[in-house]
Amino acid sequence: MGLKSKVIEALMKVYDPELRKDVISLQLIRDLKVDEETGHVSLTFRPTAFTCPIGIQLALMIKQAVKKVEGVKKVDVKVVDFAWARQAEEYLKALDQEN
Amino acid sequence: MTPKEIVIISGKGGTGKTTITSSFVWWLREKGKKFVIADADVDAADMHILMKPEPIKEEEFVGKSVAEIDDELCTYCDICRQLCRFDAIYVEDGIYRVNPFRCDGCTLCEIVCPVSAIKMVPQVVGSWFLSQTPYGPMVHAKLNPGAENSGNLVTMVKHQARLLAEKDAIPYIIVDGPPGIGCPVTSAISGANFVAVVAEGSFSAIHDMERAVETARHFGVRHGILVNKAGINPENESKIEEYARKMEIPFLGKVPFTRCVMDALVEEKIAASSCADVRNALEGIFEKILEVVDGA
């Protein structure tokens, strides 16, 4: 299985607890790019609603799920159409300082 | 292309949201505009009566989970019943049971059960539909009687409407909003480009219109006010205009109260298509809304 398939499989385990469906089937993930050689993953996350109350948590769960995939070295998550996108991206950056 | 979302709300129920929304849909089609219809009033959906949707896709909507006790594992220790803060667990003929309407899905009983006899079972609380109508595609939903999570179901309706509009490059999403100012309303106006607040000349409608306006302001959504059933109470109607002027809210216009609208709705017809004076009044209102939305 290629790296991209593994990433998608990992994302299918990230659930939106309000709509009780995963972020892939809800089409919340866009522009997913996976460089099989360098292990660099980039994606865009758009919550279901502009003021989604759990948008920040979901963004973090998405990044953590992808980071755990074997072979992934770097993960960039961009958040769009979200009232607290800037705050979300600050938290996402802080995730990179971890380990 | 990013679709523009126009939501019609009111605060008080019964001011004519669906009458206005269906007229807006009829008017847009007459103008050759393309749009997705979204019925966000999932607790009491009624746009389908006038839109006559033909479902293309139906999907169950899973709401909160409810506890279930496996009687074969249960040792009748009574811990769950004692700790349940919603008094949802009771004993019947010596068997421990859960009242699904009282259970809040908090999972405490599942956690504290010493023999893992309790599990949380997701509940199907309604369905949402993607349909075709004579006016265009429509996303709508039905919540089961007494079911909760309507705010989430509204989020799903709007999300599916947006995905559809983006996929087919449709420029507008017209949302028939729910009454009140609770979760369904905040879900309905979240991210909208414009919210039209439908008021009427009654004291309760004015009171609830002000609360609906505050909700729209809280979420930073542009909004305007229109008076429906104008003529019933001119004094109160001028108070609404004065309120809009004072609060610097666009006053979109007045729609006359006429028997013709009742007759049209009884025959399941759209008010604007049947009643000339209503149509003329709404024409100006809809032009103003599009001006704001397209001008942005």
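Notes on the structure follow. (Residues numbered from 1 in each chain as written. Chains lettered and ligands numbered in written order. Predicted model: local features only at pLDDT ≥ 70, side-chain atom pairs only at ≥ 80, totals over all residues. Heavy atoms only, no water.)

### Some words on the overall build of chain A
Step number 1: Per the secondary structure count, chain A includes three helices and five strands.
Step number 2: In chain A, the order of α-helices and β-strands from amino to carboxyl end is α-β-β-β-β-α-β-α.
Step number 3: Taking 2.2 N^0.38 as the reference for a compact globule, 99 residues should give roughly 13 Å; the C-alpha atoms of chain A span a radius of gyration of 13 Å, in line with that estimate.
Step number 4: Counting only C-alpha atoms, chain A reaches 35 × 30 × 20 Å along its principal axes.
Step number 5: Sequence-distant contacts, at least 24 apart, represent 61% of the contacts inside chain A between residues at least 6 apart.
Step number 6: With the model as given, the accessible surface of chain A reaches about 5400 Å², and the carbon-plus-sulfur share is 52%. (Helix = DSSP H or I, 4+ residues; strand = E, 2+ residues; numbered from the N terminus. Rg over C-alpha atoms; globule rule 2.2 N^0.38 Å. Contact = heavy atoms within 4.5 Å. Areas by Shrake-Rupley, 256 points an atom, 1.4 Å probe, with all protein chains shown as cover.)

### Describing the packing of helix α2 (residues 55-67) of chain A against helix α3 (residues 85-97) of chain A
Residues and elements named next belong to chain A.
Step number 1: The contact between α2 and α3 brings their axes to 9 Å, and the two run at 30°. Taken as axis vectors, α2 and α3 run roughly parallel relative to one another. Between α2 and α3 lies a crossing whose hand is right-handed. Facing α2, whose interface residues are I56, A59, L60, K63, Q64 and K67, α3 presents Q87, A88, Y91, L92, L95 and D96.
Step number 2: In the contact of α2 with α3, the residues fall into seven nonpolar, two polar and three charged. (Axes fitted to C-alpha atoms, helices over the stretch in contact; angles between N-to-C directions. Parallel < 35°, antiparallel > 145°, perpendicular 65-115°, else oblique. Left-handed = near helix turned anticlockwise from the far one by under 90°. Nonpolar A, V, L, I, M, F, W, Y, C, P; charged D, E, K, R; others polar.)

### Remarks on helix α9 (residues 259-266) of chain B
Step number 1: Where α9(B) begins, the side chain of B:T258 points an oxygen toward the backbone nitrogen of B:C260, at a separation of 2.8 Å.
Step number 2: Directly after α9(B), the chain includes B:E268, whose backbone phi takes a positive value near 55°. (Polar contact = N/O pair within 3.5 Å; in protein donor to acceptor, adjacent residues only side chain to side chain.)

### Regarding the pattern of salt bridges
Step number 1: Per the counting criterion, the structure on display carries 24 salt bridges over all chains.
Step number 2: With its nearest N and O atoms 3.1 Å apart, the salt bridge here joins B:E200 to B:K12. Placement of B:E200 in the loop between β9 (194-199) and α7 (203-218) and of B:K12 in the loop between β1 (4-9) and α1 (17-30) is noted, with a sequence separation of 188 residues between them. Residues B:E200 and B:K12 agree in their burial class; the two are buried.
Step number 3: Of the charged contacts, one joins B:E30 and B:R29 as a salt bridge, the two residues approaching to 3.7 Å between their closest N and O atoms.
Step number 4: Here the salt bridges do not stand alone but share partners, grouping A:R30, A:R46, A:D81, B:R162 and B:E166 into one network. (Salt bridge = Lys/Arg side-chain N within 4 Å of Asp/Glu carboxyl O. Buried < 20%, exposed > 50% of the residue type's maximum accessible area, 1.4 Å probe, protein only.)

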